[in-house]
Every structure is written in structure tokens, then in C-alpha cells.
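Reading the structure
Take a look at the letters that make up each chain.
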Amino acid sequence: MQNLLHDMNPSLKFVLVTLSMFAIAFFFNPWTPFFFWVGVLLMQVFMSKVNWKTWSLFMLPFALGAFGYLWTTIVFAADTSGEVIWSYLGFQVTADQLETALSLAFRVMAFSTLSLMFAFTTDPVKFIMSLMQQMKLSPKLAYGVLVGYQFLPVMKDEFTQIQQAHRLRGAEVEKNGLRRLLGMRKVLIPMLAGAVRNAERSAFAMEARGFTGEARSEYFQVIKLQKVDAAMTAVFAFLLIVSCSAGFWF
């Protein structure tokens, strides 16, 4: 059960996530995004293996943003009509204000949780391969994105190496934040030159191996649609139906 989200076809998962976001966006009651948010959380708990400490760190900014929407919508709402449900020192909160604020807050939580679910349960390489095989994405664009993604850890290592080389040569570490920011050009310029050289080597290597950018009939790594994809499509559909119906029930 805990690998179902990881085993899904990445392209199908991307389509389901996108359609779910569009569907939830058309409902303005607080219950639809709330039930959808809870459903996505339960899917991650029982159908994936996620590092919850890392997940919580990524989720923290979105949670703060949701609280910001909740607070500002209640305090600075333009429409203050409706039944007053809470009053304190002349400050009043109406049912309409609270409903709108909760709707926005739960919408942020639902969308961010769904996005993190996709990011934490999807292998980027398999996603690109699936886009080429199932969605017929151009190999030129797909392999370009894939090569750029593979460069990220290389650039991180180069950044560390250049910084350490500067320190070995006696470069002082600026304590002033502005000066440190301006001094970053000494690191970024060599990094940019190295990135250009690496990109040129990758282009020559792909050309030497016969890469033309045309669609292929065979792939070394074949991504297929399986039974788990049909099951997870049914789960997403059930969650959407229940969440959208909640707006009419409550």
C-alpha cells in the first residue's frame, strides 16, 4: 500500500493532479478544499513513503501563507455584511467573512499538499521518460530538461569547491550581508563558465552517440500504464467526488 503513489505512471499522476487543482478551483465553499486536503494527506500517509521531517519543512511556508490569507481576509474584508458570529472590542467577524477566509486558507493547503505529494513521490527521470512515451513530448525538450536537472548537483559541488578554493587562497569571509552578496560574483562567474563548458561537453557527447532529437520507437527504460494506475485514478476520482459533494452537504 505504501508504494502506490510511487508506482504510478508519472504522466498520469501529473494529469490527475492538474485536473484536481482545476476542479477544486471552481468551488468557493470551505468544505470542498478542506475534505480534499485531508484526503490528500491520508493518501500520503497510507500510500507513500515520505520523509515527514523534510515534508514538514517544505510545507511550513505554505502553512504560514494559508494563515496569512485567513487572518488578512478576516481583518481587512471589504464585505462585512451578514450574521455576526464573534465580536470583541468593536471588532466583528461575520459568517461570510469566516467562510471566505477558511475557503482561501484550505485552498492554499490543498494545492500545496497536492504539489508536494507529486514532488515527493515522483522520480524526475521517470517523469521525463513518461512524458516522451505517453505524452509525446519532443525528445529535444525532454532531454534538454533532463540534462539541466542532472547539472544541479554538479553546480552545487562546484559552488562549494570554488568557495573553499577562495578560502585556501586567503580570501576573507565578509560579515556584512551586502558586501557578501556583492562578492558572490567572484563565485558565480567561474560557475557560469564551468556550466557553459559542461553544457558544451554534454552536447558533443549526445551528438557523438547519435542523438538527433527525433522520436524513438524503442526506449531503454519503458514506462507503462499498469493496474495500479487504474486503481489510483479511481481513488482520485472518488476523492474529488466526495470533496465536491461536501460543498452541497454542509
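As the structure is a prediction and not an experimental result, all values here were calculated from the model. (Residues numbered from 1 in each chain as written. Predicted model: local features only at pLDDT ≥ 70, side-chain atom pairs only at ≥ 80, totals over all residues. Heavy atoms only, no water.)

**Let's talk about the overall build of the chain**
Looking only at helices and strands, the chain has 10 helices and 2 strands in total. Ordered by position in the sequence, the α and β elements of the chain form the string α-α-α-α-β-β-α-α-α-α-α-α. Counting across all 250 residues of the chain, residues that qualify as buried make up 31%. Taken as a whole, the chain presents about 16300 Å² of accessible surface, with 67% of it coming from carbon and sulfur. (Helix = DSSP H or I, 4+ residues; strand = E, 2+ residues; numbered from the N terminus. Buried < 20%, exposed > 50% of the residue type's maximum accessible area, 1.4 Å probe, protein only. Areas by Shrake-Rupley, 256 points an atom, 1.4 Å probe, with all protein chains shown as cover.)

**Looking at the packing of aromatic side chains**
Where two aromatic rings form a pair, the distance of their centres and the angle of their planes describe that pair. Tallied over the entire structure, the rule returns 11 aromatic pairs. Ring geometry for F34 and F106: centres 5.0 Å apart, planes at 55°, overall tilted. You can see F34 sitting in helix α3 (residues 31-47) and its partner F106 sitting in helix α5 (residues 95-121), a full 72 residues away along the chain. Relative to F127, the ring of F118 lies with its centre 5.3 Å away and its plane at 80°, an arrangement referred to as edge-to-face. You'll find F118 and F127 in the same group, each marked buried. Through successive ring pairs, a cluster of aromatic residues spans W31, F34, F35, W37 and F106. (Phe/Tyr/Trp six-rings, centres within 6.5 Å; stacked < 30°, edge-to-face > 60°.)

**Here's the deal with the side chain of S130**
Checked against the element boundaries, S130 lands in helix α6 (residues 124-133). Since its relative accessible area comes to 0%, S130 is described here as buried. In contact with S130, other than residues within four places in its own chain, are N9, P10, S11, M135 and I223. (Contact = heavy atoms within 4.5 Å.)

**Structural notes on α3**
Taking 1.5 Å of rise per residue, the 17 residues of α3 would be expected to cover 24 Å, and the 23 Å separating its terminal C-alpha atoms lies within 8% of that figure. When α3 is considered as a whole, its buried residues turn out to be T32, P33, F36, W37, G39, V40, M43, Q44 and M47. Taken end-on, α3 shows its buried residues confined to a sector of 165°, consistent with a single buried face. On its buried face, α3 sits against α1 (4-7), α2 (10-25), α4 (52-75), α5 and α10 (227-249). (Expected span 1.5 Å × (residues − 1). Arc of directions from axis to C-beta.)

**Some details on the packing of α6 against helix α7 (residues 139-168)**
Following both chains from N to C, one finds α6 and α7 inclined at 175°, their axes separated by 10 Å at the closest point. Considered as vectors, α6 and α7 are oriented roughly antiparallel to each other. Here P124, V125, I128, M129 and M132 of α6 come into contact with α7, specifically with P139, A142, Y143, V145, L146, Y149 and Q150. By residue class, the composition of the contact of α6 with α7 is 11 nonpolar, 1 polar and no charged. (Axes fitted to C-alpha atoms, helices over the stretch in contact; angles between N-to-C directions. Parallel < 35°, antiparallel > 145°, perpendicular 65-115°, else oblique. Nonpolar A, V, L, I, M, F, W, Y, C, P; charged D, E, K, R; others polar.)

**What about the nonpolar core?**
Considering soluble globular proteins, one finds that nonpolar side chains tend to be buried as a cluster. In this structure, L5, F36, M43, L114, M117, M232 and F236 are the most contacted members of the largest nonpolar core, which totals 37 residues. Those elements that place two or more of their residues in this core are α2, α3, α4, α5, α6, α7 and α10. (Core = buried A, V, L, I, M, F, W, Y, C linked by side-chain atoms within 4.5 Å.)

**Some points on the packing of α4 against α5**
At a closest axis distance of 8 Å, the pairing of α4 and α5 adopts a crossing angle of 165°. Put simply, α4 runs roughly antiparallel to α5. Here the hand of the crossing between α4 and α5 comes out right-handed. Split by residue class, the contact of α4 with α5 holds 18 nonpolar, 6 polar and no charged. (Left-handed = near helix turned anticlockwise from the far one by under 90°.)

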